Amino acid sequence: MRVRRAHRTRRAHHRAGTRRLALVLAGAAVAAGCAAGGSGSGGGLGVRDRTTAPTAPTAPATEAAAAVPTAHGTLLVADFGGSTVTFVDPGRGPVGSVEVGTAPYGLALGADGRAWVATAEGVAVVDTATRTGLGRIPYRTGTGPVTTGEYRGGGMGIALAPDGRRLYVGVNVPGGAGVLEVVDTATRTVTATVPVGRRPFDVDVAADGREVYATGHDSYDVTAVRADTLAARRLVVAPYGERGPGSWLKPHYAVVRPSDGRLLLPFEGEKLAVLDPATGRVSVEPMTADIHQHGAALAPDGTLLVVGAAEGRDAASLTVRSPGGAERTVPLEGPHEDVAVSGDGRTAYVTGGFTREGHWDGITVVDLRSGTTRRLPAGERPLGIVVLQ
């Protein structure tokens with residue numbers, strides 16, 4: 001049992017410093033191993049059929065599609081430690097992968113089954129039904145040499161407009177302010193850029209599509225961008241105050257609450273910042289996990305799921321918060337980063353990729369009714385995740 005006061009004191013000092021396709025053999029046993037250095041015993045795919053994503057945005061895939069169409073409910077994860085996205089059967093493990101580009105981070109899934117992947121090199125497009133790459137869209141913004149790791153340049157948060165006609169990707173520019181790039185999904189070209197906050201971890205879109213929200217991790221803000229005029233407003237979200245880039249007390253991921261359009265941004269398992277984008281006002285509600293938090297998602301019934309990422313001696317967790325504010329916490333083993341939820345709202349999938357050291361090559365599957373968990377191998381340092389519907 002941790003002593004809360006001692007934990008807070010320790011954390012305060014700590015913060016201050018700061019993926020050929022393949023069918024998996026049907027009879028193979030899946031072991032969900034992990035290792036602190038980022039190489040898990042269950043993370044490999046063995047021989048895989050890779051489809052290279054070329055730099056031309058409309059270039060065709062170079063190899064044949066998968067023999068078996070991808071099933072509904074399959075998971076798609078971004079292999080941040082490699083250059084692929086991996087398709088994962090939630091009961092058996094990986095079933096194939098597609099080349100997309102260096103260090104893929106966020107994913108957005110369209111109603112047409114195309115996935116859009118924010119990589120260090122551009123936005124890759126994947127046909128999830130056939131598991132083929134459809135090309136990559138270069139960024140308009142220069143981000144320096146293509147690199148990997150937590151601070152690499154290139155796309156981070158990514159989201160589609162409700163009608164699917166526009167894609168928005170937050171591009172990190174190392175050492176400078178981020179940029180929101182607007183992509184026409186029909187022509188697969190960047191049509192506009194908008195300056196936003198530093199390191200845009202997450203991008204969200206209002207339910208009516210009229211505004212886009214880029215969460216600036218290192219600038220303690222959300223940039224609200226009008227979809228029609230691209231006019232931008234900086235909205236400060238800093239319930240602990242703006243403490244500079246070295247602090248951990250910064251915004252990471254957000255969700256848009258359907259009931260009122262407000263943004264929910266969890267902080268440290270202690271505070272839930274509720275941002276009204278119309279006024280810029282932030283109210284704070286208490287949280288109970290008492291842990292550094294990253295990924296967030298909403299279940300169909302409005303339940304908020306928040307990943308307690310784990311840092312230092314902290315044990316990772318998944319907070320399950322009802323629309324009324326009641327919380328329960330599901331313990332997780334090892335660091336985690338992002339979360340997605342099944343269409344029926346019964347199961348959560350939490351990735352082990354993690355932006356910092358301690359990542360592992362798999363996901364944790366959480367039964368949200370019973371709180372039971374199991375581990376599943378899932379590519380190479382899986383970070384972003386979506387459930388194919």
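Residues numbered from 1 in each chain as written. Predicted model: local features only at pLDDT ≥ 70, side-chain atom pairs only at ≥ 80, totals over all residues. Heavy atoms only, no water.

## As for the overall build of the chain
Piece 1. Along the chain, the regular secondary structure elements total one helix and 28 strands.
Piece 2. Counting only residues that meet the buried cut, the chain has 58% of its 389 residues in that class. (Helix = DSSP H or I, 4+ residues; strand = E, 2+ residues; numbered from the N terminus. Buried < 20%, exposed > 50% of the residue type's maximum accessible area, 1.4 Å probe, protein only.)

## Points about the nonpolar core
Piece 1. Within the largest apolar cluster, 16 residues are counted, with the highest numbers of intra-cluster contacts made by Leu305, Leu318, Val339, Ala348, Val350, Val366 and Leu368.
Piece 2. Those elements giving two or more residues to this core turn out to be strand E21 (304-308), strand E22 (317-321), strand E24 (339-341) and strand E25 (347-351).
Piece 3. Here leucine 305 is in contact with Gly295, Ala296, Ala297, Leu318, Thr319, Val320, Val339, Val341, Ala348 and Leu368, once residues within four sequence places are set aside. (Core = buried A, V, L, I, M, F, W, Y, C linked by side-chain atoms within 4.5 Å. Contact = heavy atoms within 4.5 Å.)

## Looking at the sheet that holds strand E11 (residues 189-195)
Piece 1. Strand order in this open sheet of four strands is E8-E9-E10-E11, and the pairing throughout is antiparallel. In the strand order of this sheet, the two ends are held by strand E8 (154-160) and E11, each with one partner. Strand-to-strand twist in this sheet, taken as the mean axis angle between neighbours without regard to direction, amounts to 25 degrees.
Piece 2. Bridging between strand E9 (residues 166-172) and strand E10 (residues 179-184) involves six bridges; their strand directions are antiparallel. Bridge pairing in E10 places glycine 170 opposite leucine 180. (Pairing = 2+ DSSP bridges. Axes fitted to C-alpha atoms, helices over the stretch in contact; angles between N-to-C directions.)

## Quick word on the confidence of the model for the chain
Piece 1. This prediction gives the chain a mean pLDDT of 86; 82% of its residues lie at or above 70.
Piece 2. Taken as a whole, residues 1-66 scores under 50 in pLDDT and shows 151 contacts with residues more than four places along the chain or in a different chain. (pLDDT = per-residue confidence, 0-100.)

## A look at the packing of aromatic side chains
How two aromatic rings sit relative to each other is set out by the distance from centre to centre and by the angle between their planes.
Piece 1. With the rule as written, the count across this model stands at four aromatic pairs.
Piece 2. When the centroid spacing of 5.8 Å and the interplanar angle of 80 degrees are considered together, the rings of phenylalanine 80 and tyrosine 105 count as edge-to-face. With phenylalanine 80 in the loop between strand E1 (75-79) and strand E2 (84-89) and tyrosine 105 in the loop between strand E3 (93-99) and strand E4 (107-109), this pair connects stretches of sequence that are 25 residues apart.
Piece 3. Residue class for phenylalanine 80 comes out buried when judged on its relative accessible area of 3%.
Piece 4. Ring centres of tyrosine 240 and phenylalanine 267 lie 6.4 Å apart, and the angle between their planes is 50 degrees; this geometry places the pair in the tilted category. In this pair, tyrosine 240 is assigned in the loop between strand E15 (232-236) and strand E16 (255-256) and phenylalanine 267 in strand E17 (residues 263-267), connecting sequence segments 27 residues apart.
Piece 5. Judged by its relative accessible area of 1%, phenylalanine 267 falls in the buried class. (Phe/Tyr/Trp six-rings, centres within 6.5 Å; stacked < 30°, edge-to-face > 60°.)

## Details of the sheet that holds strand E12 (residues 200-205)
Piece 1. The strand order across the open sheet built from four strands is E12-E13-E14-E15, with neighbouring strands paired in antiparallel fashion. Taken across any chain shown, the strands that pair with only one partner, and hence form the sheet edges, are E12 and E15. The average angle at which neighbouring strand axes cross in this sheet is 20 degrees, direction not considered.
Piece 2. When strand E13 (residues 211-216) meets strand E14 (residues 221-226), the two strands line up antiparallel, connected through six bridges. Its bridge partner lying in E14, tyrosine 213 is registered against alanine 224.

## A short note on the environment of threonine 229
Piece 1. Relative to the helices and strands, threonine 229 is located in the loop between E14 and E15.
Piece 2. A residue is classified by how much of its surface remains accessible, and threonine 229, at 48% relative accessible area, is partly exposed.

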